[in-house]
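Architecture at a glance
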Amino acid sequence: QEPQACGLPEYIKIVEVGPRDGLQNEKVIVPTDIKIELINQLSKTGLPAIEVTSFVSSKWVPQMADHEEVMRGIERHPGVQYPVLTPNLQGFHSAIAAGATEVSVFGAASESFSKMNINCSIEESIERFEEVIKSARNMNIPVRGYVSCALGCPYEGNIVPDKVAEVSKRLYSMGCYEISLGDTIGVGTPGSMKKMLEAVMKEIPLSALAVHCHDTYGQALANILTAIQMGVAVVDSSVAGLGGCPYAKGATGNVATEDVIYMLNGLGINTGVNLRAVMEAGNFICTALNKKTNSKVARASFSTGTI
Amino acid sequence: AYPKRVKVVEVGPRDGLQNEKNVVPTPVKINLINMLSETGLQVIEATSFVSPKWVPQMADHTEVLQGINKFPGISYPVLTPNLKGFQAAVAAGAKEVSIFGAASERFTQKNINCSIEESLERFEEVMKAAKEANIPVRGYVSCVLGCPYEGKISAAKVAEVSKKMYSMGCYEISLGDTIGVGTPGSMREMLAVVMKEVPVGALAVHCHDTYGQALANILVALQMGVSVVDASVAGLGGCPYAQGASGNVATEDLVYMLNGLGIHTGVDLQKLMDTGTFICNALNRKTNSKVSQASCRL
């Protein structure tokens with residue numbers, strides 16, 4: 001690890017979304033025991049947060065149909081958070097019954113995306129989340145808010161930074177402890193990332209912001225670097241870069257956790273995560289999925305024999 | 001603040017093709033370069049005047065250089081590892097050449113069978129002849145952020161070799177992260193030291209994407225004032241030190257980023273992608289450019 005570069009956060013929290021966002025967007029449906037083993041392996045890497053599953057109807061997301069078994073089946077390591085998605089009150093109650101201690105809600109900065117994805121307007125979706133957040137607050141359950149399409153929308157194209165700020169502010173004031181800004185189709189660049197963050201940072205404290213970058217256009221690490229140069233200290237990523245892009249067939253999706261950690265290590269930023277252990281978990285799930293890793297660090301490390 | 005303009009140096013036809021498994025026929029190479037010439041790129045590295053015993057993929061260097069359409073305003077530099085190569089290049093019509101140094105002794109030994117000092121003496125001969133012929137020379141320094149044999153490379157060593165090549169008369173020094181191990185941290189540190197010896201206006205970065213760090217490394221270089229960036233169409237050229245791993249950063253992905261930053265390159269991204277599609281079909285391989293991969297379905 002290098003001595004830390006000036007002006008950057010000393011510590012960055014990595015939120016591992018592979019088991020949920022990753023697996024949800026993989027073609028092959030993964031058996032429950034494999035999911036559990038993946039999460040257990042990730043729990044030993046030092047990752048502070050691992051998104052486990054989604055309490056959504058199996059009619060919509062068959063890959064996450066086993067949400068209850070997964071939630072109940074995983075080892076819960078002290079010091080590690082295991083958030084789950086809860087799109088509505090019903091999902092929230094199931095999640096709590098299954099032992100969840102943190103939940104996430106998913107908003108969007110695009111009306112068209114909201115309608116196409118969850119069949120309602122942004123406003124209606126926020127009303128739905130309000131119910132979840134209220135119940136969560138009563139039970140002392142922290143809620144993380146996601147804002148999709150923060151740097152562009154597959155239907156609307158360009159998204160105005162002020163819209164991202166507006167939706168983020170709503171979710172934050174309702175009680176989300178953190179807002180993860182998602183470049184859902186990976187079209188963002190350091191230019192648009194900077195503009196969007198400047199608008200959002202006027203409404204939300206930096207310490208409550210996270211970035212969730214997709215690598216569909218190869219821009220993820222450059223965008224993440226831009227965000228951390230502006231002080232963002234929470235970064236979402238997916239082991240082995242699991243999860244393709246549903247809007248661009250054959251294209252990649254989530255940025256690979258291994259590649260993010262490699263960069264942060266090189267910047268002297270502490271993450272608490274053991275890169276080698278993540279690569280091994282990535283190797284495990286890629287073997288199970290019968291696919292090549294999307295992580296360039298993993299690919300290079302395995303082929304040079306450093307792993 | 002970022003530079004307003006960035007010069008993109010396209011190395012696909014040389015660095016790219018040289019490191020591809022499949023040898024590409026001469027007409028395909030020529031067509032590739034001709035297509036690249038229509039994209040707005042101002043510098044296209046055409047070939048290498050090195051012995052075909054060492055680099056069979058570049059055996060047709062004379063036919064390629066003589067066969068391509070040479071557009072006014074576009075430079076077609078060629079590699080010349082020694083005086084013999086230089087003379088052959090000039091005879092074939094070359095108007096600009098490149099020489100390759102390294103910041104690592106062991107890399108130099110393994111690659112060209114001599115020490116850094118000896119390689120610089122060899123280059124002196126080329127520089128002399130180039131000066132006499134009024135031919136600009138670009139200098140490359142390999143292993144600036146790490147070496148496959150030595151591991152870590154000191155920034156001071158990179159600065160020393162760069163300074164020597166610059167004072168010999170190279171108009172530009174391209175700093176190469178040959179095995180792609182660099183990160184924004186090591187890039188910043190290395191550039192800070194090199195910039196004490198070579199003016200930033202004479203510096204270029206040549207980043208490999210073997211560990212996915214290329215665009216982030218390039219971003220930091222731009223932030224420090226570098227305004228010349230090497231890239232390879234479709235990300236042609238694997239890494240000879242990590243089998244199956246990627247090598248050069250893809251020109252399409254670089255241009256996409258620069259466009260997003262409002263930095264002028266003069267390059268037409270669509271035409272570039274079309275060129276990438278052409279060469280990937282000819283090589284019977286998938287593109288390494290994520291922009292190309294994502295765009296073809298839209």
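Our subject is the structure that appears above.
As the structure is a prediction and not an experimental result, all values here were calculated from the model.

Re a negative patch on the surface
Residue and element names in this part refer to chain A.
- A cluster of acidic side chains, namely E111, E124, E127, E130, E131 and E156, defines a negative patch on the protein surface.
- Top element by residues in the negative patch is helix α6 (residues 122-138). It accounts for four residues.
- One can find E127 in helix α6.

A short note on the state of the cysteines
Residue and element names in this part refer to chain A.
- By the definition in use, this model includes zero disulfides over all chains.
- A disulfide-free cysteine, C213 has its sulfur positioned 13 Å from the sulfur of C149, the nearest such atom.
- Residue class for C213 comes out buried when judged on its relative accessible area of 2%.

Description of the environment of B:G260
- Within the secondary structure, B:G260 is located in helix α10 (residues 251-260).
- Among all residues touching B:G260, those that are not within four sequence positions of it are A:T189, A:G191 and A:S192.

Details of the sheet that holds strand β8 (residues 203-207) of chain B
Residue and element names in this part refer to chain B.
- Read across the sheet, nine strands follow the order β2-β1-β9-β8-β7-β6-β5-β4-β3 without closing on themselves; strand pairing throughout is parallel. At either end of the open sheet lies a strand with only one pairing partner, and these are β2 (43-44) and β3 (47-48).
- Where strand β5 (residues 97-102) and strand β6 (residues 137-142) come together, six bridges link them in parallel fashion. Bridge pairing links G101 to V141 in β6.
- Packed onto the sheet, helix α8 (residues 184-194) meets β7 (172-177) and β8 and runs at close to 155 degrees relative to β8.

Some remarks on the interface of chain A and chain B
- Contacts between chain A and chain B engage 35 residues on the former and 37 residues on the latter.
- Each partner contributes to the roughly 2800 Å² buried at the junction of chain A and chain B, and carbon and sulfur atoms together form 59% of this total.
- There are two salt bridges connecting chain A and chain B.
- For the side of chain A that touches chain B, the secondary structure elements donating two or more residues are α8 (190-200), α9 (220-229), α10 (257-266) and α12 (296-303) of chain A.
- Take the side of chain A that touches chain B: its biggest share by element is six residues, from α12(A).
- Class assignment for the residues of the side of chain A that touches chain B results in 14 nonpolar, 15 polar and six charged.

Some words on the sheet that holds strand β2 (residues 49-50) of chain A
Residue and element names in this part refer to chain A.
- Taken together, eight strands build an open sheet; the order of strands is β2-β1-β8-β7-β6-β5-β4-β3 and the sheet is parallel. If you trace the sheet from one side to the other, it starts and ends with β2 and β3 (84-85), each paired once.
- Here strand β4 (residues 103-108) pairs with strand β5 (residues 143-148) via six bridges, running parallel. For S104, the partnering residue across the bridge sits in β5 and is R144.
- Across the sheet, α8 touches β6 (178-183) and β7 (209-213), and the angle it forms with β7 is around 155 degrees.
- Where α10 meets the sheet, its contacts fall on β1 (13-16) and β8 (234-237), and the angle it forms with β1 comes to roughly 175 degrees.

Here we look at the packing of α10(A) against α12(A)
Residue and element names in this part refer to chain A.
- One way to put it is that α10 packs onto α12 with a least axis distance of 6 Å and a crossing angle of 85 degrees. Judged by the inter-axis angle, α10 sits roughly perpendicular to α12. Between α10 and α12, the contacting residues are E258, D259 and Y262 on the first element and K296, V297 and A298 on the second.
- Among the residues forming the contact of α10 with α12, the class breakdown is three nonpolar, no polar and three charged.

Some words on the pairing of β1(A)
Residue and element names in this part refer to chain A.
- Burial along β1 is two-sided: the residues K13 and V15 and I14 and E16 are all buried.
- As paired strands, β1 and β8 are joined by four bridges and run parallel to one another. Along β8, the bridge assignment pairs K13 with V234.
- Bridging between β1 and β2 involves two bridges; their strand directions are parallel. Within the sheet, the bridge partner assigned to E16 lies in β2 and is I50.

Criteria and thresholds
- Residues numbered from 1 in each chain as written.
- Chains lettered and ligands numbered in written order.
- Predicted model: local features only at pLDDT ≥ 70, side-chain atom pairs only at ≥ 80, totals over all residues.
- Heavy atoms only, no water.
- Patch = residues over 30% accessible without salt bridge, like charges linked within 9 Å, V, L, I, M, F, W, Y side chains within 5 Å.
- Areas by Shrake-Rupley, 256 points an atom, 1.4 Å probe, with all protein chains shown as cover.
- Salt bridge = Lys/Arg side-chain N within 4 Å of Asp/Glu carboxyl O.
- Lys, Arg positive; Asp, Glu negative; His and termini not counted.
- Charge placed at Lys NZ, Arg CZ, Asp CG, Glu CD.
- Helix = DSSP H or I, 4+ residues; strand = E, 2+ residues; numbered from the N terminus.
- Disulfide = S-S within 2.5 Å.
- Buried < 20%, exposed > 50% of the residue type's maximum accessible area, 1.4 Å probe, protein only.
- Contact = heavy atoms within 4.5 Å.
- Pairing = 2+ DSSP bridges.
- Axes fitted to C-alpha atoms, helices over the stretch in contact; angles between N-to-C directions.
- Buried area = accessible area lost by both parts, 1.4 Å probe.
- Nonpolar A, V, L, I, M, F, W, Y, C, P; charged D, E, K, R; others polar.
- Parallel < 35°, antiparallel > 145°, perpendicular 65-115°, else oblique.

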